[in-house]
Amino acid sequence: MENNLTPQRSPIDSKVKQSQVNKAETKQYIEILGDTVVPKNLLYSVLISICFSLGGYFLGQVIFPLFAGERMVSSYSLLLGIAGCLIGLVINSRLFKPTRILNEAEATQEDIAEIFKDLQLNPEEEYEMIKKDPVTKKEMEELGIIDKFIGKGD
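Counting restarts for each chain, with residues numbered from 1 along the sequence as it is written. For this predicted model, a pLDDT threshold of at least 70 governs which residues receive local features, and a threshold of 80 or more governs which side-chain atom pairs are given and counted, while totals over whole chains, interfaces and linings are taken from all residues. Side-chain numbers here rest on the full set of heavy atoms in the structure, without hydrogens or water.

### So, the confidence of the model for the protein
Low pLDDT marks regions whose predicted coordinates should not be analysed in detail. The pLDDT value expresses, per residue, how confident the predictor is, ranging between 0 and 100. Looking at the protein as a whole, the pLDDT averages 79, with 77% of positions reaching at least 70. Here, residues are in contact when the closest pair of their heavy atoms is within 4.5 Å. Below pLDDT 50 for its whole length, residues 1-11 participates in one contact with residues either more than four positions away or in separate chains.

Encoded structure:
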């Protein structure tokens, strides 16, 4: 008897995948510190973090006077509050996975031109700045993206 261990894709799998993509596309995102997030998830994560950090601090204010010196209660409570922040961080990272779908594709010269237009940047000025900064130029050469600017800058 032969076992076929390769997974078979059914039409249902592709429909489920497409519904996940459609769901992700309809969510509202906001931009905070250069990252896009779902506002509801952000609110929940902030509330979870506040509860654990303040909970740790106030718990420390109750339990540390039982065995620590009076001058050290605030310090120990603060450390327990910081530990609560870390616990909140772990919980938030488990609850709220990234929902963005990233599509990687090779950028064409037209794509680069459109990006510059959207960002209201002058490609020649950008290339001149790159030429003046050897560190940035070296990094772009290593990534293989300096060629996208060379056609624009020369």
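### So, the packing of aromatic side chains
We call Phe, Tyr and Trp rings a pair once their centres come within 6.5 Å, taking the six-membered ring for Trp, and we label the pair stacked below 30 degrees between planes, edge-to-face above 60, and tilted otherwise. Within this structure, the stated rule accounts for three aromatic pairs. Ring centres of tyrosine 57 and phenylalanine 58 lie 5.5 Å apart, and the angle between their planes is 65°; this geometry places the pair in the edge-to-face category. The class of tyrosine 57 is partly exposed, set by a relative accessible area of 28%. Taking the centre distance of 5.7 Å and the plane angle of 75° together, the rings of phenylalanine 64 and phenylalanine 67 count as edge-to-face. Partly exposed describes any residue whose relative accessible area lies between the buried limit of under 20% and the exposed limit of over 50%, with all areas from a 1.4 Å probe on protein chains only and scaled to the type maximum. Accessibility expressed as a relative area gives 63% for phenylalanine 67, which makes it exposed. One aromatic cluster is present, built from ring pairs that chain together Phe64, Phe67 and Tyr76.

### Thoughts on a negative patch on the surface
Residues enter patches when their relative accessible area tops 30% and they take part in no salt bridge; the joining distance is 9 Å for like charges and 5 Å for the nonpolar side chains Val, Leu, Ile, Met, Phe, Trp and Tyr. The Shrake-Rupley method, run with a 1.4 Å probe, gives the accessible areas here. Residue values count only the displayed protein chains as cover. For this analysis, a salt bridge means a side-chain nitrogen from Lys or Arg found within 4 Å of a carboxyl oxygen belonging to Asp or Glu. Here the positive residues are Lys and Arg and the negative ones are Asp and Glu; neither His nor the chain ends is included. A charged residue contributes its charge at one atom only: NZ of Lys, CZ of Arg, CG of Asp or CD of Glu. Together, Glu110, Asp111, Glu114 and Asp118 give the surface a local cluster of negative charge. Only DSSP runs of H or I reaching four residues or more are called helices, and only runs of E reaching two or more are called strands; each is numbered from the N terminus. Position of glutamate 110 among the secondary structure elements: in helix H4 (residues 109-118). Note on glutamate 110: relative accessible area 57%, which makes it exposed.

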